[in-house]
Every structure is written in C-alpha cells, then in structure tokens.
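Fold and contact review
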Amino acid sequence: MIEPGPPPATPHDGPPAAARPAWRGAAVAAAIVLAMFCAFSAVRSPVPGVNEPHFLAKAKRYWDPAWCPGDFYLDSANAHQVFFQAMGLVAQVLPLDATAWVGRVAALALLAGGWTALVRRLLQGAWAAVWTGAVFLFFAALGNLSGEWLVGGVEAKVFSYAFVFFALAMLIGRRWIAAGASGGLAIALHPVVGMWSALAAFFALAVELGVGRIANTSAAVGQAFQPAREPSCADTGRADKDVCPTNIGRIGDPSYGRSIRVALGVALLVLFSLPGLWPALAMLGEDDEPLRRAAGYIQVGHRLAHHLDPLTFPPWSWLGYAALTAVWIAGWWWGVFRSEKRVFAWFVLAALVFALGGLAIGLRAEPLGQTPFAELSPLDFLRIRLLRFYPFRLYDALAPLAAAVAVVGLTEWTLSRIRGAQGPPRRVWPVAKGVAIGAIFLTALALPAADRNPSRYSERRMADWREMCRWIDAETPADAEFVTPDESWAFHWYAERAEYVSYKNCPQDAPGIVEWNRRIQAIHDWATRRYDDRRYDLEDLRALRAATGAAYLLADRLGPMTVAPVHANGSYRLYRLDGLLADKTPQ
C-alpha cells in the first residue's frame, strides 16, 4: 500500500507513550464501552438471544448428564469444549436466564477491555475507544455479511474475539509473550475464530517484516557512498553493552532477546490453544470420506448456507461491506494506520484476503444447495470442504471495526485542523463529541433488529409456548423425549426436556449432522405419508412412536387428530405416544 505524505497534523498517530492517558483513563473508557455493549446487547438481543438456547443448554448438559437425558443434540460432540466447561459450571448453580446474563457481562467486559487496549494503540485520546465503539455499533446495527456479530448473546466467539483484540494490542506494542498467550486463549475458546486470527497475525507480521527489510535495504543503499567506519557504542547514544552494535548476534544483543520472547510467545500460543483445539481436531479427524461429504453438503448447502455459501449472501450485504472496505482503505491511505499501526492494517487485509478466497472458492452457477447431492462434482466437494471453515467470518467482524477506526481517525484529524484555524473555544469540543457519540449510539439502538424476537413468534403464540413448556416441565417425567414442531424455539430452555430433533440444534460433527438430517427427514416423511386420509389417528401415533421412540408429540398446526391431547392451549396440543394400547386412546 503506497501511502501519501503525512498531513500537516496527525493527532491520530498518538502521542509518545509517556504522554498517553493513565490507566485510570483507560479503565473509565473501558467501563463506558462495556456499558454501551451491555445496553446494545440487552435492547437488540433480549435473553435468551438467538443462539443462547443452542449453546447454553449444551453447556448445562456438559456437567449434568441427568439433565434432558437421551437428547440427541446434547449428546453430540462438543466443538467448543472450553466454553461449555466454563459456562456449564455457572449453569449448575444458576437458572439459564441468569447464566446468560453472567456470561454476557463476563464476555462483554473482556471484549471492552480488549477493545480499549487495541484502540489506544491505534488512536489518540482517552475517548477514542468510546468514540470508535459507538461508530462500530452503528455499523453493526446496519447488518453483516455472513451472519457474524460481536455484541449480542453470549457465545464462545465473543470471548475469543476479546482475546484476539488483546493479542493485536500486544502485537502492535511488540509484547510477544502476552500476544502469544492471548492468541492461544482465543483459539482455545473458539478454534475457528482463533485459528483464522492466528493466520492473519502471522501474515501481518510477515508483511511488516518484509516492509521493514525493504526500508532497511533502501537506507543501506543510501549509505553505501558514505565513508565507512567501525560502529561504536556511541551510535546508540548509550554505553550499555546490551545495545551496542558490536554485540550483534551475541546474548546481549536486543535482537537475541527479541527472538527468545517471540519463541516463548509462539510456545504459549500452542500451549494455551490445546484445551480447545485438540478436541476440535479430534472431532474432524474421525470421519470417513463418504460421511464427511454428506455432512459437508448438508451443512454448507443447506443448514448453514447463510454463513458459508457466498452465493446465498444478500446483495445489500456485499454493497455494505464494499463501502466499509472503502472507508477503511481511505483511512489507511490518509495515514490513520501509520508506523507500527500497520500491523493492524495488514491483519485486516489478511482477513479480507481470506474472505475473497472464500468468494473465489464459492463461485459457481448456482448455490450449492440447489444442486442434488448425486450431481456434485469433485470440485464441488473440494469447495464444500474449504467453505466449512468459515472463510468470511473474520473479515465480517473486522470490517466494521477497521472502518470505525478510520472514521474516528479522520474525524479527529479534521477537528484538529479546525481547532488550529481558530475555531470554536476548546471547551466546546468535548461537549460536541459527547453529543455526537450519544446520537450515534442511540441511533444504533433504535435501528431495526431481527434478534429482538429470535423465535419469530407473535406475542400470543409466545405466551402459549411458555405455558405449554411450563406444563411439560411440571407434569411429565424428567427423562421423557418429545417430538416438537418444526419451528420450536428454545424447548430445552423452557421445558427442560429432551427433543427428538430440532432444526435449530444441528450438531457440528459429521455423524451428528447426518443423523440430524435423517431425523428431520423421518418426521417429514411420517407427517406426509400418514396424512393420506387427511387426519392422524391412533395407528399414526403408534407409527410415530415406533419410528422415533419419543414419549410425546407436541403439535401446533399438525392435524386434525382423532385422539384427545393430554394438554392444550390456544396454539399447541400435546399427545402422549408411549404406552399406547390397541383398544384405547392415550390418557
């Protein structure tokens, strides 16, 4: 990236370390950012959030096998084991609603800390983290590319991104050991987010090293015609033997110490990642090729196509992210990411390269899910295998962040020019900035958000759903298994019973994905074949019992039934399947 010359004033380059705000200022900024994150989370994604029933139910089950016993999804492989271990302990002593809030506050506190540490490395002033936080939330409220988000419910990825931000701040400050430890924790908590971030960091450091060598080579060429002399310790301005140029290659050489710290950082990266990375790798390595192909097609072509297949992303998302990319590049061009801050710019560039690679891989005549499995080519299976690793995820999260930093950096530079031209009195600027931050943040809160109602139920239907789940929790055996409606929402959360299958709760291991698809199809086939006489009778319920082994059928639109429900309300009817006899209906 060719950069123009520096503008007349570059306050966004940041003051010297000694002049930066004290830790108190950073703590206050982090507290304000945390408050904004929590408010954004509460208003736009009320508990339970869109994925919290999915992940927190599995976390609760991790430490309590007697909870919802026999549930197919809860028994599947654990892709986020460290998260399940940590949040599962909380779920043993608190109800799931309270567990969600404890997890949200903990995750968002870490995220606010990592955010503040990173932004302080990129921009000047104690308010920079707050300023960029408001702009970021505004961009995030407008939408995303592949379904990635940072502030909402509690998931493993929120903790992971927090440690990614800490690691980036440490990398910019050349604190290699702390960066490696933070990066390892990011991988452990969410292997996909962490590994993409680690690859982006290695890319950024490699490019920065190459740029530095080019600069050093240019300097050496310029000095080639100068009289040669023997270097001395005076060249450093110090007599310290540890920094004397004549000690290059010796133990006292600073580069030697840096190499040791880099090696320790890499070692900690690997060591800290293993608790979460090892189970994930083991889960991937146990699948045979036919099973892996079938699971990949189900996952990429159908269940998670909105995250993985670029041909399913809405056109407006591509346009929005093109605009964010243009803003980020404009900030880079104008000098916001100057000197050591280039590491962050290279990191974001790496994430963009990964996303463009995913786009190139996914390009074909039609989305993968529209091609029958038997007609897929070897190239399509290669596409599926690569797209399963979420190549769009990292840039989806980083583009709004990079654009927010660019916007704030350019705004601060513009304001500094206005102040320098004898603009309004200095005391006006903090007030104006606070008003602008508040306006941007409140706009972000007010924008439409689908996650305000993740169930997509009406108010009446949601009340009926909760009433039915409460009755089930109070009146049915704790080990009973249920066939639930296609659009069931958070059944584990509200009823605390096992589910035969749920569209939302798809496992992440290949055997689990294939079995999930079989169960979904089995219910569909039963409902279709048994409706040939335009009703469901006792024999039909016996057939469902034989096919699933479930003890109860919870129905909404399914029917009519010739048998009486054991419980019903305005939206739902519950039928007993176990203990059916040939001469009477279930009681």
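All values reported here derive from a predicted model rather than from experimental measurement. (Residues numbered from 1 in each chain as written. Predicted model: local features only at pLDDT ≥ 70, side-chain atom pairs only at ≥ 80, totals over all residues. Heavy atoms only, no water.)

Some words on the pattern of salt bridges
What counts is decided by this rule: Whenever a carboxyl oxygen of Asp or Glu lies within 4 Å of a side-chain nitrogen of Lys or Arg, that contact is scored as a salt bridge. Here a strand is any run of E in DSSP of at least two residues, a helix any run of H or I of at least four, and the numbering for each starts at the N terminus. The buried label goes to any residue with under 20% of its type's maximum accessible area, the exposed label to any with over 50%, and the partly exposed label to all in between, with areas taken from a 1.4 Å probe on protein chains only.
Per the stated rule, a full pass over the model turns up 24 salt bridges. A salt bridge links arginine 519 to glutamate 515; the nearest nitrogen and oxygen atoms lie 2.8 Å apart. With arginine 519 and glutamate 515 both in helix α19 (residues 510-529) and 4 residues apart, this pair spans about one turn of that helix. The class of arginine 519 is buried, set by a relative accessible area of 14%. For glutamate 515, a relative accessible area of 23% corresponds to the partly exposed category. By sharing partners, the salt bridges in this structure join Glu289, Arg292, Arg293 and Arg385 into a single network.

So, the pairing of strand β5 (residues 573-576)
Under the convention used in this document: Strands were regarded as paired on the criterion that DSSP finds at least two bridges between them.
The pairing of strand β3 (residues 552-555) with β5 spans 4 bridges and is antiparallel. Its bridge partner being in β5, leucine 554 is matched across the sheet by leucine 574. Summarising the sheet, strand β4 (residues 567-568) and β5 pair through 2 bridges and their orientation is antiparallel. When the bridges of β5 are listed, alanine 568 appears paired with arginine 573. In sequence, β4 turns back onto β5 through a hairpin of 4 residues.

Thoughts on the packing of aromatic side chains
Formally: Two aromatic rings from Phe, Tyr or Trp, using only the six-membered ring of Trp, form a pair when their centres are within 6.5 Å; if the ring planes differ by under 30 degrees the pair is stacked, by over 60 it is edge-to-face, and anything between is tilted.
Under the defined criterion, the tally for this structure stands at 26 aromatic pairs. When the ring of phenylalanine 37 is compared with that of tryptophan 115, the centres are 5.9 Å apart and the planes differ by 90°; the resulting orientation is edge-to-face. Taken as a pair, phenylalanine 37 in helix α1 (residues 23-44) and tryptophan 115 in helix α4 (residues 96-122) lie far apart in primary sequence, 78 residues in all. Seen in terms of ring centroids, tryptophan 465 and phenylalanine 491 are 6.1 Å apart; in terms of plane orientation they differ by 50°. Their pairing is tilted. Taken together, the residues span a long stretch of sequence, with tryptophan 465 in helix α17 (residues 459-475) and phenylalanine 491 in helix α18 (residues 491-495) at a distance of 26 residues. Residue classification places tryptophan 465 among the buried residues on the basis of a relative accessible area of 0%. Exposure remark for phenylalanine 491: the relative accessible area of 2% places this residue in the buried category.

Some points on the sheet that holds β3
The 5 strands lie next to each other as β2-β1-β3-β5-β4, forming an open sheet whose pairing is mixed. With partners counted over all chains shown, the strands left at the sheet margins are β2 (498-499) and β4, one partner each. Relative to β3, strand β1 (residues 481-483) runs parallel, the two being bridged by 2 bridges. By the bridge assignment, valine 483 is partnered in β3 with leucine 553.

Thoughts on the nonpolar core
As a reminder, the rule being used: The nonpolar core is taken to be a set of buried Ala, Val, Leu, Ile, Met, Phe, Trp, Tyr and Cys residues, with the residues joined through side-chain atoms within 4.5 Å. The criterion used for residue contact is that any of the two residues' heavy atoms lie within 4.5 Å.
In terms of nonpolar packing, the biggest core is built from 132 residues, with Leu111, Phe344 and Trp465 touching the most fellow members. Looking at which element gives the most residues to this core, the answer is helix α6 (residues 156-172), with 13 residues. When residues no more than four places from it in sequence are discounted, the contact partners of tryptophan 465 are Tyr457, Ser488, Trp489, Phe491, Tyr494, Leu554 and Tyr572. Grouped together as the second largest cluster of nonpolar side chains are 23 residues, Ala295, Ile523, Tyr536 and Tyr575 included.

Notes on the environment of valine 33
Locating valine 33 in the fold gives a position in helix α1. Sequence separation between valine 33 and tryptophan 127 is 94 residues, and the spatial gap between their C-alpha atoms is 9.9 Å. Apart from residues lying up to four places away in sequence, valine 33 is in contact with Ala112, Trp115, Thr116, Ala129 and Val130.

Concerning helix α10 (residues 289-303)
The condition is simple: One fewer than the residue count of a helix, multiplied by 1.5 Å, yields its expected span. For this analysis, a polar contact is any N or O atom pair within 3.5 Å, provided that within protein one partner can donate a hydrogen and the other can accept it, and provided that sequence-adjacent residues contribute only side-chain to side-chain pairs.
Along its 15 residues, α10 runs 20 Å from first to last C-alpha, staying within 8% of the 21 Å computed at 1.5 Å per residue. Along α10, the positions that sit buried rather than exposed are Ala295, Gly296, Tyr297, Ile298, Gln299, Val300, Gly301 and Arg303. On its buried face, α10 sits against α11 (305-308), α14 (378-387) and α19. Measuring from the backbone nitrogen of leucine 291 back to the side-chain oxygen at the start of α10 gives 2.8 Å, which picks out aspartate 288 as the cap.

Re unusual backbone geometry
Here the residue pair valine 47 and proline 48 is connected by a cis peptide bond, since its omega of -5° sits within 30 degrees of zero. The residue after glycine 559, namely proline 560, is reached through a cis peptide bond having omega 10°. Positive phi, close to 50°, is recorded for cysteine 68, a residue that is not glycine. Looking at the element boundaries, cysteine 68 is found in the loop between α2 (52-63) and α3 (81-91). Its identity is not glycine, yet glutamate 496 carries a phi of approximately 55°, on the positive side. Its location among the elements puts glutamate 496 in the loop between α18 and β2. Using a relative accessible area of 30% as the deciding quantity, one classes glutamate 496 as partly exposed.

Here's the deal with the environment of proline 454
Structurally, proline 454 can be placed in the loop between α16 (428-446) and α17. The exposure class assigned to proline 454 is buried, which follows from its relative accessible area of 17%. Separated by 409 residues in the primary sequence, proline 454 and serine 45 place their C-alpha atoms 8.1 Å from one another. For proline 454, the residues in contact, after removing those within four places along its chain, are Pro48, Gly49, Val50 and Trp489.

A short note on the side chain of arginine 383
Tracing the sequence through the fold places arginine 383 in helix α14. Those residues in contact with arginine 383 that lie beyond four places of it in its chain are Ile361, Gly362, Leu363 and Arg364.

Details of the layout of surface pockets
Put simply, the rule is: Buriedness of a pocket was judged along seven lines, with at least five required to meet protein on both sides within 12 Å; pockets are open sets of points on a 1 Å grid over the protein atoms alone, cavities are sets where a 1.4 Å probe fits but cannot get out, and lining residues have an atom within 4 Å of a point. Grid points are joined across faces, edges and corners, and a volume is the space filled by probe spheres set on the points. Each residue gets one label: Ala, Val, Leu, Ile, Met, Phe, Trp, Tyr, Cys and Pro are nonpolar, Asp, Glu, Lys and Arg are charged, and the others, such as Gly, are polar.
Roughly 890 Å³ of volume is contained in the second largest pocket. Lining of the second largest pocket is provided by 26 residues; of these, Arg174, Trp176, Leu205, Arg258 and Val262 occupy positions nearest its centre. For the lining of the second largest pocket, the elements supplying multiple residues, two or more each, are α6, α7 (176-189), α8 (191-223) and α9 (254-285). Of the residues forming the lining of the second largest pocket, the biggest block, 9 residues, is contributed by α8. Residue composition of the lining of the second largest pocket, grouped by class: 17 nonpolar, 6 polar and 3 charged.

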